[in-house]
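Structure assessment
Spelled out, the chains give:
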Amino acid sequence: MVKTADLPQFGPLHGVRVVNLTQAIAGPFATCLLADMGADVIGVENPHGRGTSRPNRALGGWGTILDRRNTRSLCVDVRKGRGRELFLELLKTADILIEGFRGGQMVRWGMGDKALWEVNPKLVIGHISGFGQTGVPEYVARASFDGIGQAFSGFMEMNGFPDRPPALAFPQVSDYYSGFMCLAGVLAAYSDAQRTGKGDSVDVAQYEAMVRCEGYYVVNYLNTGTLPVREGSHSATSAGYGTYVCKDGVELYVLLLGAGVLRTSLPVVGIEYGKEPFFDGIAVVGMDTAAGRFLEAALAEFFDNNTGEEAERILLDHGVPCSRIFTFEMTERDPQYLARETYTSWANAYDDGV
């Protein structure tokens, strides 16, 4: 392990030590973001069970390379014996611990929040699990992965096409939402711990992270009883909102929303803005209206007469939010990706000489 004194010094979290006791995606993603901001992250793995994102017959290990960059690794069994002793010694020097076991697992090992605060009173503890640390015991103890969080939260039911079974959303949104929620929680708790001298516990349930990110759809249901409809590649309620195919087969995603956008975009497809039914100030064109059907027909003609590149340029010149649906190959040579260095390189433990 690299000595602490030899670690590069950078970022607003320089000097903050984080212990990562998670596998797969949600926890490593959260701790990776902390490491990217300068925290000293130490990933602890069980010698009797490799992380599922490490190289195996099904995966090349790119998840580990991505989400464990800027971090150090320690292999020790924290549950018992000398490994447990070393783990608790490590926590004495830590500011944040993030764990990703089933709900209540740390308690069953005798390492619940109160026990860990006896070791380090200022420790911030982030829990990421499928169903949380409290509630109905049978639920709390359930195992979970990304797809389970999507299914249980109602999120999966919203995705896909209306004439087909619900579809799993990629890439692993339940894991990533949970990681973001944990990140925000532990940073807030860390700030408070510096002020009060007392640690805190953050309880993130995958399904609740998904429910929070279902936004107005779930609130609409709770207040009106209206269930969301799976929309596929086009909005079921708004015209000019979805995927369109141009004459060269290129797919464009377009959103004609907002009075300003409609004011500048409707003339492009031969529609006079400000004249009924496209009255002045209109912000949304309903899909199931005469105006919506008229707009969809005009858009179909526009895209039939333009290539993807031509249509995108015309719409962008008129302030319309739109984009060709990119492949990874397209992103690799796009000027914005290049200008912002969206893709970067770093040395990792699999590189020769590292």
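Within every chain, residues take consecutive numbers counted from 1 along the sequence as written. Given that the model is predicted, a residue must reach a pLDDT of at least 70 before its local features are reported, and side-chain atom pairs must reach 80 or more before they are shown or counted; all residues, however, enter totals for whole chains, interfaces and linings. Side-chain calculation: all heavy atoms of the structure are included, whereas hydrogens and water are not.

**Re the packing of helix α7 (residues 146-153) against helix α8 (residues 173-196)**
At their nearest, the axes of α7 and α8 sit 7 Å apart, and the two run at 90° to each other. Regarding the angle of α7 to α8, the classification is roughly perpendicular. Along its contact with α7, which presents Asp-146, Gly-149 and Gln-150, the element α8 presents Val-173, Ser-174 and Asp-175. By residue class, the composition of the contact of α7 with α8 is 1 nonpolar, 3 polar and 2 charged. Throughout, an axis means a line fitted to C-alpha atoms (over the contacting stretch in the case of helices), and angles, computed between N-to-C directions, take values from 0 to 180 degrees. Numbering of helices and strands starts at the N terminus; helices are DSSP runs of H or I of at least 4 residues and strands are runs of E of at least 2. Angle categories are assigned with fixed cut-offs, so that under 35 degrees is roughly parallel, over 145 is roughly antiparallel, 65 to 115 is roughly perpendicular, and the rest are oblique. When checking whether two residues touch, look at their non-hydrogen atoms; a contact exists if any pair is within 4.5 Å. Asp, Glu, Lys and Arg are counted as charged, while Ala, Val, Leu, Ile, Met, Phe, Trp, Tyr, Cys and Pro are counted as nonpolar; the rest, among them Gly, fall into the polar class.

**Thoughts on the nonpolar core**
In this structure, Val-254, Leu-256, Val-285, Leu-295, Phe-303 and Leu-315 are the most contacted members of the largest nonpolar core, which totals 25 residues. Only β8 (251-255), α11 (259-265), α12 (290-304) and α13 (308-317) provide two or more residues apiece to this core. At 6 residues, the largest contribution of residues to this core is made by α12. Look past the residues within four positions of Leu-315 in its chain and what remains in contact with it is Leu-252, Val-254, Phe-302, Phe-303, Val-320 and Cys-322. Definition used in this section: a nonpolar core is a set of buried Ala, Val, Leu, Ile, Met, Phe, Trp, Tyr and Cys residues joined via side-chain atoms within 4.5 Å. Under the scheme applied here, a residue whose accessible area is under 20% of the maximum for its type counts as buried, over 50% as exposed, and between as partly exposed, the area being computed with a 1.4 Å probe on protein chains only. The next biggest cluster of nonpolar side chains, apart from the first, holds 21 residues, and it includes Ala-30, Leu-34, Val-124 and Ala-193.

**Comments concerning the pattern of salt bridges**
The term salt bridge refers to a side-chain nitrogen of Lys or Arg lying within 4 Å of a carboxyl oxygen of Asp or Glu. Under the defined criterion, the tally for this structure stands at 13 salt bridges. With a shortest N-O distance of 3.2 Å, Arg-82 and Glu-85 are connected by a salt bridge. Remark: Glu-85 and Arg-82 occur in helix α3 (residues 81-92); sequence separation between them is 3 residues, near one turn of the helix. The closest approach of N and O atoms between Arg-313 and Asp-317, which form a salt bridge, is 3.1 Å. You can see Arg-313 and its partner Asp-317 sitting in helix α13, 4 residues apart, about one turn around the helix. Residues joined in a network through salt bridges with shared partners are Arg-17, Asp-40 and Arg-72.

**Things to note about the sheet that holds strand β7 (residues 241-245)**
One key point about sheets: their strands pair by backbone hydrogen bonds, in either a parallel or an antiparallel sense. A pair of strands is treated as paired once DSSP finds two or more bridges between them. Reading across the sheet, the 3 strands line up as β7-β8-β9 and stay open at both edges, with antiparallel pairing between neighbours. Because the sheet does not close on itself, it has two edges, and the strands there are β7 and β9 (322-324). Neighbour-to-neighbour, the strand axes of the sheet open up by a mean angle of 20°, direction not taken into account. Contacts from α12 reach β7 and β8, with the element oriented near 35° to β7. Its contacts with the sheet place α13 against β8 and β9, and it is angled at close to 160° to β9.

**Thoughts on the packing of aromatic side chains**
Working definition: a ring pair exists when centres of Phe, Tyr or Trp rings (six-membered ring for Trp) sit within 6.5 Å. Plane angles under 30 degrees give stacked, over 60 give edge-to-face, the rest tilted. Inspection of every chain in the model, using the stated rule, returns 15 aromatic pairs. When the ring of Phe-131 is compared with that of Tyr-139, the centres are 6.1 Å apart and the planes differ by 65°; the resulting orientation is edge-to-face. Exposure remark for Phe-131: the relative accessible area of 7% places this residue in the buried category. Centroid distance Tyr-139 to Phe-152: 5.7 Å. Interplanar angle 50°. Geometry classified as tilted. Taken together, the positions of Tyr-139 in helix α6 (residues 137-140) and Phe-152 in helix α7 put the pair 13 residues apart, joining distant regions of the chain. Here Phe-152 falls in the partly exposed class, since its relative accessible area comes to 37%. Following the ring pairs from residue to residue traces out a cluster consisting of Phe-131, Tyr-139, Phe-152 and Tyr-207. Think of it as a cone above the ring: NZ of Lys or CZ of Arg counts as a charge over the ring if it is within 6 Å of the ring centre and within 35 degrees of the ring normal. In this structure, Arg-69 packs its charged tip against the face of Trp-346, placed 5.1 Å from the ring centre.

**Overview of the environment of Met-37**
On the secondary structure map, Met-37 appears in the loop between α1 (26-36) and β2 (40-45). Relative accessible area serves as the criterion here: at 28%, Met-37 is assigned to the partly exposed category. Setting aside residues up to four positions removed in sequence, Met-37 forms contacts with Phe-10, Gly-11, Pro-12, Leu-13, His-14, Leu-183 and Leu-187.

**Concerning the environment of Lys-114**
Turning to its location among the elements, Lys-114 is positioned in helix α5 (residues 113-119). With relative accessibility at 69%, the residue Lys-114 sits in the exposed group. Along the chain, Lys-114 and Pro-165 lie 51 residues apart, while their C-alpha atoms are 45 Å from each other.

So yeah, pure geometry; function would need other evidence.
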